Amino acid sequence: MLIDGRASVQFGGHRALWLRVTSVCDKPTYHGWVWLTGYSIDLATGAALARREVFAQIAGLQIQRRTTDSAPPLHNTAPTTRRRGV
């Protein structure tokens, strides 16, 4: 999942990250926001770098579907799907 400035201002510009989500917190938050836990991904290798917990707007999350290729996409031009709920 791409987490960038559309999901939260703290991830704008060069601070955007790819996150392999491992869990979604079910505790109540502000309407339209969610806590996600996962691992930031190195796009060059596809390896997990660090465990992260992020607070983001659901509407701004960009979900990248799994492909049959083992390598992650190299840029942000892949089609994404947006969902209203988690």
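Check the entry above for the structure.
Keep in mind the model is a prediction, meaning the values are calculated, not measured. (Residues numbered from 1 in each chain as written. Predicted model: local features only at pLDDT ≥ 70, side-chain atom pairs only at ≥ 80, totals over all residues. Heavy atoms only, no water.)

Moving on, we get to the sheet that holds strand β4 (residues 48-57). Pairing between the strands of a sheet is mediated by backbone hydrogen bonds and can be parallel or antiparallel. Here 4 strands make up an open sheet; going across it, the order is β1-β2-β3-β4 and the pairing antiparallel. Each having just a single partner strand, β1 (2-3) and β4 make up the two edges of the open sheet. Two strands pair when backbone bridges link them, and strand β3 (residues 33-41) and β4 are joined in this way by 9 bridges, in the antiparallel orientation. Along β4, the bridge assignment pairs Ser40 with Ala50. (Pairing = 2+ DSSP bridges. Helix = DSSP H or I, 4+ residues; strand = E, 2+ residues; numbered from the N terminus.)

Here we come to the pairing of β3. Where strand β2 (residues 17-24) lies against β3, 5 bridges are found, and the strand directions are antiparallel. The residue bridging Ser23 from the neighbouring strand is Thr37, located in β3. What sits between the antiparallel neighbours β3 and β4 is a turn of 6 residues, in which Gly46 has the positive phi angle 80 degrees.

Right, let's get into the environment of Phe11. Structurally, Phe11 is set in the loop between β1 and β2. The exposure class assigned to Phe11 is buried, which follows from its relative accessible area of 4%. C-alpha of Phe11 to C-alpha of Val54: the two residues are 43 residues apart in sequence and 9.7 Å apart in space. Among residues more than four places away in sequence, those in contact with Phe11 are Ile3, Asp4, Gly5, Ala16, Leu17, Arg52 and Val54. (Buried < 20%, exposed > 50% of the residue type's maximum accessible area, 1.4 Å probe, protein only. Contact = heavy atoms within 4.5 Å.)

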